[in-house]
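# Results of the structural survey
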Amino acid sequence: MSDLGVVPTAPQGGSRGSGGDGMGTIYEALWTALQVARYLGCSRSWVYLHAEDGTLPSVRIGGLRRFVPAEIRAFALAGSKRRRS
């Protein structure tokens with residue numbers, strides 16, 4: 001992670017980051033618990049509870065808990081696949 005609060009992601013079109021790596025890395029900001037709650041359609045307390053027990057993927061930055069958007073999307077997709085089975 002080069003900048004606090006952002007993670008490199010695969011290029012998906014649009015502007016490219018200026019990381020100087022020549023690979024065209026795009027940086028997507030980490031999400032807060034509130035953003036995850038809005039995305040998943042749940043409460044912020046549910047997000048914190050499941051992040052703490054390891055069910056929901058998250059990262060700690062000092063005293064803050066943040067979420068990698070791609071990991072949250074994968075979590076939501078995996079949950080929707082389980083419900084359809």
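Here, every reference points to the structure presented above.
Notes on the structure follow. (Residues numbered from 1 in each chain as written. Predicted model: local features only at pLDDT ≥ 70, side-chain atom pairs only at ≥ 80, totals over all residues. Heavy atoms only, no water.)

### A few points about the side chain of R65
Its place among the elements puts R65 in strand β4 (residues 64-66). By relative accessible area, which is 10% here, R65 ends up buried. A polar atom in the side chain of R65 sits 2.9 Å from the side chain of E52. If we skip the residues at most four places from it in the chain, R65 touches Y48, A51, E52, S58, V59 and R60. (Helix = DSSP H or I, 4+ residues; strand = E, 2+ residues; numbered from the N terminus. Buried < 20%, exposed > 50% of the residue type's maximum accessible area, 1.4 Å probe, protein only. Polar contact = N/O pair within 3.5 Å; in protein donor to acceptor, adjacent residues only side chain to side chain. Contact = heavy atoms within 4.5 Å.)

### Digging into the packing of aromatic side chains
According to the stated counting rule, one finds 2 aromatic pairs in the structure shown. Their ring planes at 50° and their centres at 5.2 Å tell us that W31 and Y39 sit as a pair that is tilted. Residue classification places W31 among the buried positions, given a relative accessible area of 13%. Its relative accessible area of 40% is what places Y39 among the partly exposed residues. (Phe/Tyr/Trp six-rings, centres within 6.5 Å; stacked < 30°, edge-to-face > 60°.)

### Things to note about the packing of helix α1 (residues 33-40) against helix α2 (residues 44-52)
Interaxial distance between α1 and α2 falls to 8 Å at its minimum, and their mutual angle equals 105°. In terms of orientation, α1 and α2 fall into the roughly perpendicular class. Contacts between α1 and α2 involve A33, L34, V36, A37 and L40 from the former and R44, W46, V47 and Y48 from the latter. Considering only residue class, the contact of α1 with α2 consists of 8 nonpolar, no polar and 1 charged. (Axes fitted to C-alpha atoms, helices over the stretch in contact; angles between N-to-C directions. Parallel < 35°, antiparallel > 145°, perpendicular 65-115°, else oblique. Nonpolar A, V, L, I, M, F, W, Y, C, P; charged D, E, K, R; others polar.)

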